[in-house]
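Single-letter residue listing:
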Amino acid sequence: MITNENIIASAKKTLLSQSQSIAKLIDFIDISFVEAVNTIYECKGRLVVTGIGKSAIIAQKIVATLNSTGTPSLFLHASEAIHGDLGMVQPNDAVICISKSGNSPEIKVLVPLLKQFGNKLIAITGNVTSFLGKEANFTLNTYVESESCPNNLAPTNSTTSQLVIGDAIAVCLMEMRNFTSQDFAKYHPGGALGKKLLLRVGDMLDATHKPMVNPDSSIKNVIVEISEKRLGVTAVIENEKVIGIITDGDIRRMLNKTETISGLTAKDIMTVNAKSIKSTDLVSDALNVLEDFSITQLAVIDNGEYKGILHLHDILKEGIV
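Residues numbered from 1 in each chain as written. Predicted model: local features only at pLDDT ≥ 70, side-chain atom pairs only at ≥ 80, totals over all residues. Heavy atoms only, no water.

**Brief notes about the packing of helix α1 (residues 4-24) against helix α7 (residues 157-176)**
The geometry of a pair of packed helices is captured by two quantities: the angle between their axes and the separation between those axes. What counts here: The axes used here are C-alpha line fits, helices contributing only the stretch in contact, and every angle between their N-to-C directions lies in the interval 0 to 180 degrees. The way it works is that DSSP assigns letters per residue, a run of H or I at least four long becomes a helix, a run of E at least two long becomes a strand, and they are numbered from the N terminus. For classification purposes, angles smaller than 35 degrees are called roughly parallel, those larger than 145 roughly antiparallel, those between 65 and 115 roughly perpendicular, and all remaining angles oblique. For a crossing to be left-handed, the near helix must be turned anticlockwise from the far one by less than a right angle; the clockwise case is right-handed. The criterion used for residue contact is that any of the two residues' heavy atoms lie within 4.5 Å.
Here α1 crosses α7 at 45°, and the two axes come no closer than 9 Å. With respect to each other, α1 and α7 are oriented oblique. Pair α1 / α7 crosses with right-handed handedness. Between α1 and α7, the contacting residues are S17, Q18, S21 and I22 on the first element and N157, T160, S161 and V164 on the second.

Written out as structure tokens, the structure reads:
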């Protein structure tokens with residue numbers, strides 16, 4: 001009978017086996033890795049990554065990582081390459097070929113063609129003495145003693161090792177190119193990540209809900225303005241400048257301290273020098289301010305001009321957090 005304990009033990013055994021395989025790759029990082037990375041960095045064309053079977057799937061992931069981190073890359077399926085897709089490879093391109101055995105029939109057909117074209121060939125293989133390992137210009141060793149598979153058949157540790165080497169290449173190239181978060185944002189404009197890196201405060205402001213009162217406004221008018229605009233806050237404006245902020249929290253604290261609101265005005269309960277931000281600032285920076293000061297709203301002010309209110313709930317709706 002398979003028990004919960006059996007399942008947990010199997011999962012832990014698999015993770016330990018894979019982590020040990022990855023750790024052993026450290027000993028395989030040598031001058032060949034350096035030369036391979038430099039070849040890709042200095043390449044005038046693109047990087048073509050190819051493989052067969054599970055290695056082809058790993059190749060696709062490596063291509064996705066490289067493209068998103070500043071290295072123009074494309075995936076070429078090894079079996080399709082010898083049936084017409086080889087035309088994807090241009091003279092200035094460098095090629096990474098991934099294969100655990102390095103002796104697959106498709107690889108043996110493809111490698112001589114690539115060498116005939118004169119493209120620099122980088123091998124990622126678990127068998128450095130294989131056909132691929134010997135024919136490549138640079139060979140990166142991803143040898144693993146065994147797979148996590150109980151039958152030692154299904155690619156597990158071997159494909160993980162291939163993937164890790166691909167990530168190591170990508171990170172090295174990022175560092176060589178001084179690839180920044182701003183560069184990263186160019187390739188990730190969509191989704192939560194893109195919004196975090198690109199979205200500006202001004203992109204979120206609703207000009208139709210810009211709460212404001214003057215310093216002499218009655219408390220009743222302040223409450224009405226806060227309620228109507230539904231942002232939990234209003235700016236206090238004098239001579240077209242923000243001189244203070246009143247939140248619904250300020251209203252509650254005032255009511256706890258005061259028997260009557262008769263005669264009180266906005267300037268009596270406003271907070272001066274409240275936290276603010278510019279419309280050109282990143283929303284992610286605004287979120288940091290909100291979190292640092294445990295507040296939920298920020299006045300948006302550009303060169304003294306009141307633009308509106310940014311609320312934490314608006315940021316949450318965008319899925320940035």
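**A few points about the nonpolar core**
Our working rule: Residues grouped as a nonpolar core are buried Ala, Val, Leu, Ile, Met, Phe, Trp, Tyr and Cys residues, joined through side-chain atoms within 4.5 Å. When accessible area is computed with a 1.4 Å probe and restricted to protein chains, residues below 20% of their type maximum are described as buried, those above 50% as exposed, and intermediate ones as partly exposed.
Core analysis: the largest hydrophobic core is formed by 24 residues, its most contacted members being I96, L140 and I169. The element best represented in this core is helix α3 (residues 54-68), accounting for five residues. Core analysis: the next-biggest nonpolar cluster, separate from the first, contains 18 residues, L76, A81, V111 and L132 among them.

**Let's talk about the sheet that holds strand β8 (residues 241-247)**
Two strands in a sheet stick together by hydrogen bonds in their backbones, pointing the same way (parallel) or opposite ways (antiparallel). Note the threshold: Any two strands between which DSSP finds at least two bridges are classified as paired.
What the three strands build is an open sheet, ordered β6-β7-β8; its pairing is mixed. Looking at which strands have only one partner, the edges of the open sheet turn out to be β6 (212-213) and β8. Note that strand β7 (residues 233-238) and β8 share six bridges and pair antiparallel. Bridging from a neighbouring strand, E238 pairs with K241 of β8.

**Thoughts on helix α5 (residues 105-117)**
Basically, it comes down to this: Any helix carries an expected span of 1.5 Å times its number of residues minus one. Working definition: the arc comes from the directions between the helix axis and the C-beta atoms, pointing outward to the latter.
Over its 13 residues, α5 extends 19 Å from the first C-alpha to the last, a length consistent with the 18 Å expected when each residue adds 1.5 Å. Residues of α5 that are buried: I107, L110, V111 and L114. Mapping the buried residues of α5 onto a view down its axis gives an arc of 105°, with all of them on the same face. Away from its buried face by more than 90 degrees, α5 exposes P105 and Q116. In the stretch just after α5, G118 is the one whose phi turns positive, near 90°.

**A few points about the pairing of β7**
As a reminder of what qualifies: Assignment of crossover handedness uses the view with strands pointing away from the viewer, where a clockwise path from the first strand over the helix to the second indicates a right-handed crossover.
When you tally the buried positions in β7, you get five out of six residues, the bulk of the element. Sheet topology places β6 next to β7; two bridges connect them, and they run parallel. Pairing of M212 across the sheet is with A235, part of β7. Regarding topology, helix α10 (residues 219-229) serves as the crossover connection from β6 to the parallel β7, and that connection is right-handed. Where β7 folds back onto β8 in an antiparallel hairpin, the turn is made up of two residues, including N239, whose phi is positive at roughly 55°.

**Thoughts on the sheet that holds strand β2 (residues 73-77)**
An order of β2-β1-β3-β4-β5 is seen for the five strands of this open sheet, with the pairing classed as parallel. Looking at strand neighbours, the two that pair on one side only are β2 and β5 (138-141), the edges of this open sheet. Neighbour-to-neighbour, the strand axes of this sheet turn through a mean angle of 20°, independent of strand direction. As defined by bridge partners, strand β3 (residues 94-99) adjoins strand β4 (residues 121-125) across five bridges and the pair is classed as parallel. Note on β4: the bridge partner recorded for C97 is A123. Lying over the sheet, α3 contacts β1 (47-51), β2 and β3, oriented at roughly 170° with respect to β2. In the packing of α5 onto the sheet, the strands contacted are β1, β3 and β4, and the crossing angle to β3 comes to about 165°.

**Some thoughts on the pairing of β2**
The pairing of β1 with β2 spans five bridges and is parallel. Residue pairing in the sheet places L47 in a bridge with S73 of β2. The parallel pair β1 and β2, bridged by α3, forms a crossover whose chirality is right-handed.

**What to know about the side chain of T50**
Test applied: Any pair of nitrogen or oxygen atoms within 3.5 Å is treated as a polar contact; in protein, a donor-acceptor pairing is required on top of that, and neighbouring residues in sequence qualify only through side-chain atoms on both sides.
Turning to its location among the elements, T50 is positioned in strand β1. Accessibility expressed as a relative area gives 0% for T50, which makes it buried. A distance of 3.4 Å separates a polar side-chain atom of T50 from the backbone nitrogen of A78.

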